Amino acid sequence: MDETAPRPQSRLLDRERRRAERLRLLASGPPSPCIAVCRLDEATGYCEGCWRTIDEIRDWIIMLPDERHAVLRRLAERHGGGVR
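A few points on the structure. (Residues numbered from 1 in each chain as written. Predicted model: local features only at pLDDT ≥ 70, side-chain atom pairs only at ≥ 80, totals over all residues. Heavy atoms only, no water.)

**Considerations on the pattern of salt bridges**
In step 1: Counting across every chain of the model gives seven salt bridges.
In step 2: With its nearest N and O atoms 2.5 Å apart, the salt bridge here joins R17 to D14. Of the two residues, R17 and D14 both sit in helix 1 (residues 8-28), three residues apart, roughly one turn of that helix.
In step 3: In this structure R17 comes out as exposed when scored by relative accessible area, which is 52%.
In step 4: The partly exposed category is assigned to D14, whose relative accessible area is 30%.
In step 5: Of the charged contacts in the structure, one is a salt bridge between E56 and R78, with a shortest N-O distance of 2.8 Å. Of this pair, E56 sits in helix 2 (residues 54-59) while R78 sits in helix 3 (residues 65-79), placing them 22 residues apart in sequence.
In step 6: It is possible to trace a salt-bridge network through shared partners that takes in D55, R58 and D59. (Salt bridge = Lys/Arg side-chain N within 4 Å of Asp/Glu carboxyl O. Helix = DSSP H or I, 4+ residues; strand = E, 2+ residues; numbered from the N terminus. Buried < 20%, exposed > 50% of the residue type's maximum accessible area, 1.4 Å probe, protein only.)

See the structure below:
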């Protein structure tokens, strides 16, 4: 047996550590701007409630905090000021 090959249990522990870190990062970001008015404006493609695109809405849950902050900045620009 090759002593340099990672052991299955070691790989599982590494994967669990990476998963826990990812979950911690995801939980540390800003909350969703959703206000439960979920209708897409056909002309703009933006949600009438939160001003996000369908891709931004779909991906929010897997975005890292920096990505979420970037979306929030774009929302402020779209909305002409602050995000609700």
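Alright, that's what it looks like, and here's the rest.
**Side note on the side chain of R68**
In step 1: For R68, the position within the fold is in helix 3.
In step 2: Put simply, R68 is tucked away with no salt bridge, and the nearest opposite charge, on E67, sits 7.2 Å away.
In step 3: Engagement of the side chain of R68 in a polar contact is seen with the backbone oxygen of W60, the distance being 3.2 Å.
In step 4: Other than its neighbours up to four places away in sequence, R68 contacts L26, G29, P30, W60, I61 and M63. (Lys, Arg positive; Asp, Glu negative; His and termini not counted. Polar contact = N/O pair within 3.5 Å; in protein donor to acceptor, adjacent residues only side chain to side chain. Contact = heavy atoms within 4.5 Å.)

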